[in-house]
Each structure stands twice: as C-alpha cells, then as structure tokens.
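Listed below are the residues making up each chain.
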Amino acid sequence: MSTSTSTDTLKTARIAVLGYGSQGRAHALNLRDSGLDVVVGLRKGGPSWQRAQAEGFAVAEPAEAVRGADLVAVLTPDMVQPALYKDAIEPNIKPGAALLFAHGFNVHFKQIDPRKDIDVILVAPKGPGALVRSEYERGRGVPCIWAVHQDVSGQAEAHTKSYADGIGGGRAMIIETDFKEETETDLFGEQAVLCGGASELVIKGFETLVEAGYQPEIAYYEVMHELKLIVDLFYEGGLTRMLEFVSETAQYGDYVSGPRIVDAGTKQRMREVLDDIQDGTFARNWTAEYKAGLPNYKRLKQADLDHPIEQVGAKLRARMPWLQSVPVPVAAAVTPPLKKAG
C-alpha cells in the first residue's frame, strides 16, 4: 500500500485508451490533464466517437490507435475484450509495449492469452468513472489497486504506478494485488453482497411484508428506500458510524435478528459462490451465456424489472422531486454484443 504522485515513466509515452464509457472517458481525460499523450480508440461513427472528438481527443479505430502506442488501456466491457484483442490489439501492439486492464477477468480466466513480448498490467480505481473524474478535478483521487501479470520490459511496475498516478490514484492510495485476487474478489463482492445479495435481501424483505398484509408502499420505504441511509453510513465510517447514528432499538434488532437472517448457512452458500468463481464455473457459464445471445440473462433481468417492488417504487419515486436532480451513475453494465470498442 502506498501513495505516489509521479507520471515520469510515461511522460514521453503514447497511450491508447480503448473505450469511452464511464471509466474510459474518465481515464482519458485525467491522463491528458496529467500531461500525457492520449489517443482514444473507438468504433468509427458512434456517439462515443463524436463525444471524444468534441472533447478534444485524437480518435481512431482501435487497430490504428494501438499501432505505435506504448501503453494500451482496454476499458471496454469484459465480453467485448476477447474479440477486440484478437482483431485489433494482438496484430498491432508493438513488442515491449504495455497492455493494461481495469479488471482481470479475461486474462485470469484465459479468455485472452496476451502475447509473450508485451507487459500485462492492471489498474483498477475503486469507484465509478464519474467519481474518478470528479475527484481528479477537485485535486484529489480515488484509491486504485494495481498488478503486474507479465513484465518483459523491466518497467512494468513503474508504468503501472505512473498510470495510476495519471488518473489520480496516487493522490489517494494505491494497493498492490494480482490478477487472481482482483478478479475473484470483485466477482464475489458483486454476486454475494453488492448486487446479488443486496437486491435479493430487499426483494425478499418486500415480499415478506406484503404477504403479511402490509401496504406495498410502506414495505418499499422500509426495505428499499431507507437502505440508502444505512449504506451511506457504512460508506462514510463503517459499522462504527452506522451504530453511532441508528437508534438503540435498531442496534438491538441488528444484534439479535441479523444473525438469524444471514447465518452460517448463508456463509456456506457464499463459500459455494466463491468456489464457482475460483474454479472457473461462473466464467465458463457467463461466457457461454454471452455467446448464446444472453437468453437467460435477458429473462432474469426482465423478471427483476417486472417485480412489484419496481412498479410500486416507480410511483413513489415520482413523488420525490429531490431524486430528479440526482445523476444516474454509469455502471460497468453488460452491453449488447459488439465487435469493436465503442
């Protein structure tokens, strides 16, 4: 764990940023504002191409952007990356250049087998692109984790840290990891807690109250709406801050009822989720699902969108004018199949 504030090893480098979504845009802007030379690689003619040009970047098709680049940052969705690597990166990246990822999924699960004559590195900010950009503009930064998977130049670590500095991570904190740890913990967090665990807990709580005869609107407020209040306290100061600001009644309920809901059986099922991640089962299933056109993904997503909690929530949120000014975060969401970055 360290802090750093130098981009010296990349000051004469040509950096190709492939993708201009949430993270791609933030990285490109921050790197440029740090004095580095950036070209953006995108599918020609799309909205991202126009936006990047309007924001002053040199923009090129991915293959052209890669040619001559000293560092290529792959910031497109996971499932797009193998084809992007095969079509645009592998034939064009020069020996000794660095190939950088913000998530280790494809390298760790061998969907991409990088050439042996290039560095393979990782820099992953622990926040969405909008935060990476806004914190940089405030003169601060979002902590980053970094890793070196392959070092042929002898400069892989230095380039990785310089890139983290360039996007603002060195102003905060950078933590060393490896592709395995970053990938497996990221997937586990999403599935067991942040997305899968939290959403199922909310849905099951809503269903329990409604089935017991309580009004859906009241149930929504209690298990969905107020969750933000608790999560904000977690974010600001962990369990300590949450316990400081909730009532003693809520604290006692936490202590005696929390372990009844999330018990040893829950932890065992979390272990099973982690096992599936570690042995590659999840990666194989997700890759096969994507190649099949996402039939199960689409069905499951629609079921969530059609759940009564969403119908009730939409009506209630329409009566909350303060929400209308809150920007919707751009998440690292799955996009329809693409052949090139965009």
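This structure is a prediction, so every number in the text was calculated from the model and none was measured.

A. How the structure looks around the side chain of His159. Within the secondary structure layout, His159 lies in helix α7 (residues 156–166). When near neighbours in sequence (up to four residues on either side) are disregarded, His159 contacts Thr9, Leu10 and Asp119.

B. Spatial organisation of the nonpolar core. Membership of the largest hydrophobic core comes to 31 residues, with the highest contact counts inside it found for Leu71 and Tyr163. Excluding residues within four positions of it along the chain, Leu71 makes contact with Leu10, Arg14, Ile15, Ala16, Ala98, Leu100, Ile121 and Tyr163.

C. Looking closely at the sheet that holds strand β7 (residues 144–150). Ordered in space as β3-β2-β1-β4-β5-β6-β7-β8, the eight strands form an open sheet in which the pairing is mixed. For this open sheet the edge positions go to β3 (58–60) and β8 (174–176), each flanked by a neighbour on one side alone. Across the sheet, the axes of successive neighbouring strands diverge by a mean angle of 25°, strand direction being ignored.

D. Spotlight on the packing of helix α1 (residues 22–33) against helix α6 (residues 129–137). Between α1 and α6, the least distance of the axes is 7 Å, while the angle of their chain directions is 20°. Looking at the two axes, α1 sits roughly parallel to α6. The interaxial crossing formed by α1 with α6 has left-handed handedness. Each of Ser22, Gln23, Ala26, Leu29, Asn30 and Asp33 in α1 lies in contact with α6, whose residues at this interface are Gly129, Ala130, Val132, Arg133 and Tyr136. Grouping the amino acids of the contact of α1 with α6 by side-chain chemistry returns five nonpolar, four polar and two charged.

E. Region of interest: the pattern of salt bridges. In total, this model carries 16 salt bridges according to the counting rule given. Taking the shortest distance from any N to any O, the salt bridge between Glu55 and Arg51 comes out at 3.8 Å. Judged by relative accessible area, which is 24%, Glu55 ranks as partly exposed. Lys228 is paired through a salt bridge with Asp232; the nearest N and O atoms lie 2.4 Å apart. Of this pair, Lys228 and Asp232 are both found in helix α11 (residues 227–245), four residues apart, which corresponds to roughly one turn of the helix.

F. A look at the packing of aromatic side chains. Evaluation of the coordinates by the stated rule reveals five aromatic pairs. Considering the side-chain rings of Tyr220 and Tyr221, the 6.2 Å spacing of their centres and the 75° angle between planes classify their relative orientation as edge-to-face. For Tyr220, a relative accessible area of 3% corresponds to the buried category. In this structure Tyr221 comes out as partly exposed when scored by relative accessible area, which is 30%. Relative to Tyr297, the ring of Trp286 lies with its centre 6.0 Å away and its plane at 40°, an arrangement referred to as tilted. Here Tyr297 lies in helix α15 (residues 295–306) and Trp286 lies in helix α14 (residues 281–291), a separation of 11 residues in the sequence. By relative accessible area, which is 15% here, Trp286 ends up buried. On the basis of relative accessible area, Tyr297 is assigned to the partly exposed category, the value being 24%. Taken together, the ring pairs connect Trp286, Tyr290 and Tyr297 into an aromatic cluster. When the ring centre of Phe57 is taken as reference, the NZ or CZ atom of Arg32 above it lies at 4.1 Å. It is Arg171 that lies over the ring of Tyr136; its NZ or CZ is 4.1 Å from the centre.

G. Representation of a nonpolar patch on the surface. A surface patch of nonpolar side chains, amounting to about 330 Å² of accessible area, comprises Leu227, Val231, Phe234 and Leu239. Tracing the backbone through its elements, the reader meets Phe234 in helix α11. We classify Phe234 as partly exposed; its relative accessible area is 36%.

Calculation criteria
Counting restarts for each chain: residues are numbered from 1 in the order of the written sequence. In keeping with the model being predicted, local features are shown solely for residues with a pLDDT of at least 70 and side-chain atom pairs are shown and tallied solely at 80 or more, while totals for entire chains, interfaces and linings include all residues. Each side-chain value is worked out from all heavy atoms of the structure, with water and hydrogens disregarded. Secondary structure elements are defined from DSSP: runs of H or I of at least 4 residues count as helices, runs of E of at least 2 residues count as strands, and each element is numbered from the N terminus. Here, two residues are considered to be in contact whenever any of their heavy atoms come within 4.5 Å of each other. For our purposes a nonpolar core is just a set of buried Ala, Val, Leu, Ile, Met, Phe, Trp, Tyr and Cys residues, chained together by side-chain atoms within 4.5 Å. Exposure categories follow from relative accessible area, calculated using a 1.4 Å probe and restricted to protein chains: below 20% of the type maximum is buried, above 50% is exposed, and the middle band is partly exposed. The pairing criterion is simple: DSSP has to find at least two bridges between the two strands. Fitted lines through C-alpha atoms give the axes, limited to the stretch in contact for helices. The angle between two N-to-C directions lies from 0 to 180 degrees. Throughout this description, any angle smaller than 35 degrees is read as roughly parallel, any larger than 145 degrees as roughly antiparallel, any in the 65 to 115 degree range as roughly perpendicular, and the remainder as oblique. The handedness criterion is simple: a crossing whose near helix is rotated anticlockwise from the far helix by less than a right angle is left-handed, and one whose near helix is rotated clockwise is right-handed. All residues other than Ala, Val, Leu, Ile, Met, Phe, Trp, Tyr, Cys, Pro, Asp, Glu, Lys and Arg, Gly among them, are scored as polar; the first ten of these are nonpolar and the last four charged. Any carboxyl oxygen of Asp or Glu within 4 Å of a side-chain nitrogen of Lys or Arg constitutes a salt bridge here. Stacked, tilted and edge-to-face pairs are distinguished by plane angle, under 30 degrees for stacked and over 60 for edge-to-face with tilted covering the rest, among Phe, Tyr and Trp rings (Trp via its six-membered ring) whose centres lie within 6.5 Å. By definition here, charges over rings are those cases where NZ of Lys or CZ of Arg is within 6 Å of the ring centre and within 35 degrees of the ring normal. Each patch groups residues whose relative accessible area exceeds 30% and which form no salt bridge, using 9 Å between like charges and 5 Å between nonpolar side chains of Val, Leu, Ile, Met, Phe, Trp and Tyr. Methods summary: accessible areas were calculated by the Shrake-Rupley approach with a probe of 1.4 Å, and residue burial reflects only the protein chains presented.

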